[in-house]
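Inside the fold
Spelled out from the first residue to the last, the chains are:
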Amino acid sequence: MSTRFSVEEVEPTPAAERERRMTGAPFGEVFTDHMITTRWSAEEGWHDATLCAYGPLVLDPSAQVFHYGQEIFEGMKAYRTADGSVVLFRPYANAERFAASAYRMAMPEVPADLFVGALETLVAADRDWVPATDGHSLYLRPLMIATQPTLGFYQPSQSFLFVVIASPAGAYFSGGPVTVWLETEYTRAAPGGTGAAKCGGNYAGTLLAQQKAVKRGCDQVVWLDRGFVDEMGTSNLFFVLGDEVVTPPLNGTLLAGITRDSVLTLAADLGYGVAERPVSVEDWRAAAADGKLTEVFSSGTSSMITPVGRVRSEGGDFVIGDGTPGPVTTRLRNELSGLQTGRRPDPYGWVHKI
Ligand code: COI
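Just so it is clear, the structure is predicted and the values come from calculations on it, not from any experiment.

Summed over the entire model, instances satisfying the criterion amount to 14 salt bridges. Here aspartate 225 makes a salt bridge to arginine 226, at a shortest N to O gap of 2.8 Å. A relative accessible area of 13% means that aspartate 225 is categorised as buried. Taking the shortest distance from any N to any O, the salt bridge between glutamate 276 and arginine 260 comes out at 2.7 Å. Here glutamate 276 is found in strand E14 (residues 273–276), whereas its partner arginine 260 is found in helix H7 (residues 258–269), with 16 residues between them in sequence. The exposure class assigned to arginine 260 is buried, which follows from its relative accessible area of 3%. It is possible to trace a salt-bridge network through shared partners that takes in Glu183, Glu185 and Lys212.

In this section: helix H6 (residues 207–215). For H6, the complete set of buried residues consists of Ala209, Gln210, Lys212 and Ala213. The buried residues of H6 all sit within an arc of 160° when viewed along its axis, so they share a single face. Of the exposed residues in H6, those oriented more than 90 degrees away from the buried face are Leu207, Gln211 and Lys215. Taken together, the buried residues of H6 touch strand E9 (178–182) and strand E10 (220–225). Looking at the residues trailing H6, positive phi occurs at glycine 217, about 80°.

What counts, and where the lines are drawn
Residues numbered from 1 in each chain as written. Predicted model: local features only at pLDDT ≥ 70, side-chain atom pairs only at ≥ 80, totals over all residues. Heavy atoms only, no water. Salt bridge = Lys/Arg side-chain N within 4 Å of Asp/Glu carboxyl O. Buried < 20%, exposed > 50% of the residue type's maximum accessible area, 1.4 Å probe, protein only. Helix = DSSP H or I, 4+ residues; strand = E, 2+ residues; numbered from the N terminus. Arc of directions from axis to C-beta. Contact = heavy atoms within 4.5 Å.

It is worth stressing that arrangement in space is one thing and function is another; only the former is reported here.
Below, the structure is given as structure tokens:
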């Protein structure tokens, strides 16, 4: 049964002001008029589903999230298609991953109909905020936090808040190709840990290495697990060896990207060989040197498909191909964005009309 959201009266931002705020806004800095909030308690389950004005949350300073980090989130986008309609891309896949993250973090599951209903309700209310500019979209950020006011750490929180906010966004990286840093001092995740969950702690723990990467002139960190590639700080990684597209397997230490899954499907249907297998840094360097590795790209919701041009490490730099975006990366990017924006037919049922 679909959830009913109570709707609070919100004064919409005047069109001219909305356009001014949306134009050229960096990723994640501008927010729409509304947000969704829904509460969970052990006694009542999910309740108080509300569409209200975007604004600060009032939380007790002893809320568990501030102390023990019980928090998860998702990232997805609403697109304006060629005919002016607004669509979500694979929202049930995000609902499923949110549920998997909740399970790992001992949080209550948000049922898929509540999760997708919240997205639909928010996007319908803030429809005018979905950009029509090419390469732009409305980034959606569902999140769940532990709100029980207690410093005791005997059990998971007994109350939670599920929130969805929206932010009109352009490119996460200014175009690419990006330069990446191979991190060997710090690790992001370990077997049995939370690496596959989309929880804030996974990101907080990577900031020091990200600062280190930026200091060395890099855009992003590549995370390794004992010499094998896991993922990049905000996305999964793909390696193109001629006609074969390879990405590390989902072994529990990396995030199961929805863009990653879409790329695997699209690449196979376009006739490329597709493989999920471990890639070591040694093999990466050797294949780049002897020319077998022709392209590398990252895949993620915010950064879409971004070419990697140069790899930097303590041992020096190497370049991928000639350092410019390759044909496979460009083709997959065009195919995926064509599908998301209705410029190509969707044989997969991934596009979800609002
Ligand atoms: C996304 O790509 O949606 C993410 O959640 C990554 C985030 C660090 C921007």
